[in-house]
Structure formats: C-alpha cells, structure tokens
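# Descriptive analysis of the structure
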Amino acid sequence: MGILRDRFAGEAADAMRAFASSLEVDLEMLAEDIAGSTAHVRMLGEVGIIDGAEAETLAAGLAAILVEIENGDWAPTDAHEDIHMAIEARLLDTIGPVAGKLHTARSRNDQVATDVRLWLQRRLPEVEGAIGALLSALLDRVEADGQIVIPGYTHLQRGQPILLGHHLLAHAWPLARDVGRLQDAWKRADQCPLGACAMAGTPFPIDRQRTAELLGFTGPTDNAMDSVAARDHALEIASACAITTTHMSRLAEELVLWSTTEFGFVRHGDGYSTGSSIMPQKRNPDAAELVRGRAARVQGNLQTLLSLLRSQPLAYNRDLQEDRRALFDAVASAADCATVLAGTVRELQFVDRFETELHGDFSLATEVADFLVGEGLSFRDAHGAAARLVKWCEERDLDLSGVPTEVAGEFHPALANQLGNLLDPRAAAARRTSTGGTSRDEVMRQLHLLRAGLDS
Ligand code: ARG
C-alpha cells in the first residue's frame, strides 16, 4: 500500500494521483522545503523532542538530498503527491527509519505555508531590485533627455507643453510606490507558520520562536488555524504585482504609441524591437507590447487567488494547492516585465521635434488665460477670452502665432503687444514652478528625491 494509505483498503486512482500532485510547481520551492525541514529538526533536537544525534542525522540527510538534486543525481518525480512527501521518502531511502521522526510536531499544512513564505522571502528582494533597475533607467533618461519639450495630454488631446522629464517622472513615482507596497506587504508576511501543525498546534514542547529565528522570520504566527488557512500575504503580494505590472503596462503603452509614424517621437532600440515576417520595413515595439500583455496575465493571477479563497471554510483545504502557480507567476512576471522594460527604456532614442511644432499651438491657450488673470481678469473671464481667441483662429485655420496685433487687442487690450511673448512652449513649461510643476527646477528636485530613495 502506498504512503499515507494505511487506513484505506485500496490505492488512489491513477487519474486522481496525477491530478492531485503539486510536485511540478513545488519544485520551485525545493530549497525552501529543505531549509524549513532543517530548521525544524534543529529545533526538535535543541528542545529534546528528538535526541541530538538524530537531529544531526536528519539535518545531514536533508543537506545531502539538496546536493543530490543540485548534481542531478536524484530528482523528485510526480509519483509523489508533493515536494514534502518526495523529500521525506528520499530521506527514508538514504538515512533509514530515523527519517520517520522528521514529521514530529508539524504537518504539511504548516510546512507548505512556510515554504511559500520562504519563497517570497527569497524572491521579493529580486523583484524590488528589478523595479529599482527600471526606475533607475527612467531616471537616467530624465537626466539625458528630460529637457526636451513635448505636448502633455489629457483625453489624449494636447493639453499644455511640458518637459519630457516631467512626463517620465510621472511614470517613475508609481514604480517607487510599488517597491514600497511590496516591502509593506512583506512586513505582514514575515511570520513563520511552522509549528502550527494541522491547525491546532501540538502537545510537543516545540520552540516556534527558535524555528522562526532559524528561518529568518521576525517571529512565529500567532494563531495555528490562521497560520495554515491564511493566504492574505499572497493576495497582497499578487496585488502589488498586479499594480506594478499595470504601471509598467501604461508606460509600455505610451512607448508603443510614441513610436508610431503618427507620433514620431521615439525610436525603439534594436535589442527590444522585432521585424515582420512579411513587411521588410518593420521595427515593431514587441518588448513593450509583451509587457502590456503580461500585465493582463498578472491581473488574472490576482483574480485567481481572490476566487480561490473566497469560499473556503477554515482551516486548510486542498484547494490552497492552487495558490502557487498564480502567486509565483505574478512575482516572476513583475520581475521579468521590469527587466525587459528597463532594457527598452535604456535603448530609446527620443526625437526633439515638438518644441518648434508647438510654437503658437493651441496648447498655449492656458498661457493666454493665465496672462489675462495677471491683467486683472477673473480666471473664468480670462478663460472665455482665450477660448474665443482659439475659436477665431480655428475659423481661419491659423494657430495663435497667426493672430495680428490689432485682432489680439480686440480680445483684450493687453494682448495686443503681449500675445507673441506667450507662444513659446519652453517658456510656458518654465513658468510652472509650483511644487510638482513641469519647470526645470521641479523636475530636477524630483529626480534627486527619487535617486536618493533608490540609493537608500
Ligand atoms: N501539496 C499540498 C499543498 O500544496 C501540501 C499540503 C497538503 N496537506 C494536506 N492536508 N493534504 O497545499
């Protein structure tokens, strides 16, 4: 009879066995499973639940299995229900019956919960690093090209002239917050479930504080049932991943749009562009598009986890085995998207074409209104006068630079000799010196703030 089948008269069905195995995805947390077991046997030995020599044998056996796996001398197969059973079975083969003591005062429920948190403990710094690298690529771009004047949009209609640096920083800030969100989520995840056992704790005198310490957690979880049933750390982290890939997708979307002939504002580098199988001229921005697409999958992962949890009674249910694919994929995707997008950003070549084109553009209409406020009009009256001026131009197919002095004077006497001075887009951007505005000084201030945050 197979392992854990003593209370049955027959074996599990073949179809059930294959369906039930989580081994494929568990392999990602193999090192974590061995680390969890090693900490557990050390603690068992220290408190005297098993004797010191047994603890040594078990720990050495576990370490040897890790080496075997790394050298390709042994690999778990899906003959086992999961990584926990595979390693326990291998330990029995290599060190004999003392292997049976490994599972004293624990359950697979707390074991798997611990493995997943240990996996996050290892992977989250990598994701944060990858987002940091993307952030740093953006900041380098701001430094190199930030002074280029571009139209700022609302409703995808030209709004006001801004500096490219201002726009790129508007993508950088959310990414900086994303790193904070992941760090924040980890603070709540940073507790060790091991020793919760099935859900009720154990009569053995275990030292959960010690196990937590050995595994690098701040301490043990507080409620044994919560320890095995909770996955809100997975929800929070998948959510942070969905949010950050959504941010990356918004940046990617603009990079795609800006590279069109119609925008003609950026050229994607060779390293992150692809050709077409039929159209010889193509330089497709596939990297950015793939980031946009992957963000959809990560949103799906978050939805999977929410749906997975919503109808589960406490405590552990086997449904929970489905958490890993979604969570691991969300985390890996966030890192991969950040890495690819950072490379894309580093290779971008911006075209400085808008400054000339925007001279006299209607996106300077706010300048006219703001100027008239300086002449004593209320903003509403000034807005009306500037809007009528735009209408006058539109009817004659002119831009603001085509308005004759005497006509400008009819809209407001002060405009007669001042309108010309309001039509320079760079000057318009430079005037926006309020905190967070698009002036050069404000762009530099933000750049330094974000750089300091990255360094710390
Ligand atoms: N493979 C299981 C999982 O991934 C491990 C826990 C099994 N626990 C149990 N009570 N069957 O969740």
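All of these numbers come straight from a predicted model, not from anything done at the bench.

Looking now at the site of the ligand. Contacts to the ligand come from S22, D82, H84, R108, N109, V112, Y316, Q321 and R324. At a separation of 2.9 Å, a nitrogen atom of the ligand approaches a polar side-chain atom of D82. Burial of the ligand by the protein amounts to 87% of the accessible area it has alone, namely 340 Å². If one sorts the elements of the shell around the ligand by residue count, helix α6 (residues 108-145) sits on top with three residues.

This part is about the pairing of strand β1 (residues 149-154). Looking down a regular strand, the side chains alternate between one sheet face and the other. When β1 meets strand β2 (residues 157-163), the two strands line up antiparallel, connected through six bridges. Its bridge partner being in β2, I150 is matched across the sheet by I162. Between the antiparallel neighbours β1 and β2 lie two residues, among them H155 with a positive phi of about 60°.

A separate point is the packing of helix α5 (residues 83-95) against α6. Direction vectors running N to C along α5 and α6 enclose 110°, while the axes themselves pass 10 Å from each other. Relative to α6, the element α5 is oriented roughly perpendicular. Contacts from I83, H84 and M85 of α5 reach α6 at R108, Q111, V112 and D115. Residues belonging to the contact of α5 with α6 are distributed by class as follows: three nonpolar, two polar and two charged.

Turning next to the packing of helix α14 (residues 365-374) against helix α15 (residues 379-395). For the pair α14 and α15, interaxial distance at closest approach is 8 Å and the crossing angle is 140°. Relative to α15, α14 is oriented oblique. Between α14 and α15 lies a crossing whose hand is right-handed. Every residue of α15 that contacts α14 at A365, V368, A369, D370, L372 and V373 is listed here: F379, A382, H383, A385, A386, L389 and V390. In the contact of α14 with α15, the residues fall into eleven nonpolar, one polar and one charged.

Attention now moves to the pattern of salt bridges. As enumerated under the stated definition, the model contains 34 salt bridges in all. Put simply, R346 and D140 hold a salt bridge, and the shortest N to O gap is 2.9 Å. Of this pair, R346 sits in helix α12 (residues 323-347) while D140 sits in helix α6, placing them 206 residues apart in sequence. We note a salt bridge from E367 to R432, for which the minimum N-O separation is 2.5 Å. Here E367 is found in helix α14, whereas its partner R432 is found in the loop between α18 (425-430) and α19 (440-455), with 65 residues between them in sequence. In terms of burial, E367 and R432 fall into one category: buried. Sharing partners across several salt bridges, the network here consists of D26, R231, D323 and R324.

A few words on helix α11 (residues 286-310). Here α11 contains 25 residues, and its C-alpha end-to-end distance of 37 Å stays within 8% of the 36 Å for a straight helix at 1.5 Å per residue. Against the buried residues of α11 lie α9 (224-229), α10 (232-258) and α12.

Quick look at the nonpolar core now. The biggest cluster of nonpolar side chains holds 82 residues, and the ones touching the most others in it are L120, I237, M248 and L327. For this core, the secondary-structure elements that each account for two or more residues are α6, β1, β2, α7 (164-189), α10, α11, α12 and α19. In terms of residue count, α6 provides more of this core than any other element does, 15 residues in total. Every residue in contact with M248, bar those within four places of it in the chain, is listed here: I131, L134, L175, V291, A334, C337, A338 and L341. Grouped together as the second largest cluster of nonpolar side chains are 21 residues, A369, W392, L415 and L422 included.

With an omega of 5°, the peptide bond between L314 and A315 qualifies as cis. Relative to the helices and strands, A315 is located in the loop between α11 and α12. Although it is not a glycine, A105 adopts a positive phi angle of roughly 60°. For A105, the location among the structural elements is in the loop between α5 and α6. Even without being glycine, H155 reaches a positive phi, approximately 60°. Inspection of the secondary structure puts H155 in the loop between β1 and β2.

According to the stated counting rule, one finds seven aromatic pairs in the structure shown. Measuring from centroid to centroid gives 6.2 Å for W258 and F350, while their planes differ by 65°, and the two rings are edge-to-face. On the criterion of sequence distance, the pair formed by W258 in helix α10 and F350 in strand β4 (residues 349-350) is long-range, its members being 92 residues apart. No difference in accessibility class separates W258 from F350, as the two residues are buried. Among the aromatic residues, those joined into a ring-pair cluster are W258, F265, F350 and F354. Positioned above the aromatic ring of F8 is the side chain of R5, whose terminal nitrogen or guanidinium carbon lies 3.9 Å from the ring centre.

Attention now goes to the environment of F371. Looking at where F371 falls in the secondary structure, it is placed in helix α14. The sequence separation of F371 and Q183 amounts to 188 residues, and the corresponding C-alpha distance is 46 Å. Excluding its chain neighbours within four sequence positions, the residues that come into contact with F371 are A414, L415, Q418 and L422.

As a further point, take empty space enclosed by the protein. For the structure on display, the rule yields one cavity of 30 Å³ or more. There is about 40 Å³ of room inside the largest cavity. I150, P151, Y153, H167, W258, F263, F265 and F354 together form the lining of the largest cavity. Partitioning the lining of the largest cavity into residue classes produces seven nonpolar, one polar and no charged.

Conventions used here
All chains use their own residue numbering, which begins from 1 and follows the written sequence. Given that the model is predicted, a residue must reach a pLDDT of at least 70 before its local features are reported, and side-chain atom pairs must reach 80 or more before they are shown or counted; all residues, however, enter totals for whole chains, interfaces and linings. Heavy atoms from the whole structure form the basis of all side-chain values; hydrogens and water molecules are not counted. When at least one non-hydrogen atom of a residue lies within 4 Å of a molecule or strand, that residue is treated as near it. Here a polar contact means two N or O atoms within 3.5 Å. Within protein one must be a hydrogen donor candidate and the other an acceptor candidate, and residues neighboring in sequence count only if both atoms are side-chain atoms. Accessible surface area values rest on a Shrake-Rupley calculation with a 1.4 Å probe, where residue burial reflects the displayed protein chains alone. Put simply, DSSP marks the helices as runs of H or I at least four residues long and the strands as runs of E at least two long, and each gets a number from the N terminus on. Think of it this way: DSSP has to see at least two bridges between two strands before they count as a pair. The axes used here are C-alpha line fits, helices contributing only the stretch in contact, and every angle between their N-to-C directions lies in the interval 0 to 180 degrees. Should an angle fall under 35 degrees it is called roughly parallel, over 145 degrees roughly antiparallel, and 65 to 115 degrees roughly perpendicular, with every other angle called oblique. The contact rule is simple, with two residues in contact once any of their heavy atoms fall within 4.5 Å. Charged residues are taken to be Asp, Glu, Lys and Arg, nonpolar residues to be Ala, Val, Leu, Ile, Met, Phe, Trp, Tyr, Cys and Pro, and polar residues to be all remaining types, Gly included. Left-handed describes a crossing in which the near helix is turned anticlockwise from the far one by less than a right angle; the clockwise case is right-handed. Only one rule defines a salt bridge in this text: a Lys or Arg side-chain nitrogen within 4 Å of an Asp or Glu carboxyl oxygen. Only protein chains enter the calculation, and the probe is 1.4 Å; a residue is then buried if its accessible area is under 20% of its type maximum, exposed if over 50%, and partly exposed in between. Working rule for helices: expected span equals 1.5 Å times residues minus one. Put simply, a nonpolar core is a bunch of buried Ala, Val, Leu, Ile, Met, Phe, Trp, Tyr and Cys residues held in one set by side-chain atoms that sit within 4.5 Å of each other. Put simply, two rings from Phe, Tyr or Trp (the six-membered ring, in Trp's case) pair if the centres are within 6.5 Å, and we call them stacked under 30 degrees between planes, edge-to-face over 60, tilted for the rest. Working rule: Lys NZ or Arg CZ, within 6 Å of ring centre, within 35 degrees of ring normal, means a charge sits over the ring. A pocket here means an open set of points on a 1 Å grid, computed over the protein atoms alone, that has protein on both sides within 12 Å along at least five of seven lines. A cavity is instead a set of points where a 1.4 Å probe fits but cannot get out; residues with an atom within 4 Å of a point line either one. Grid points are joined across faces, edges and corners, and a volume is the space filled by probe spheres set on the points.

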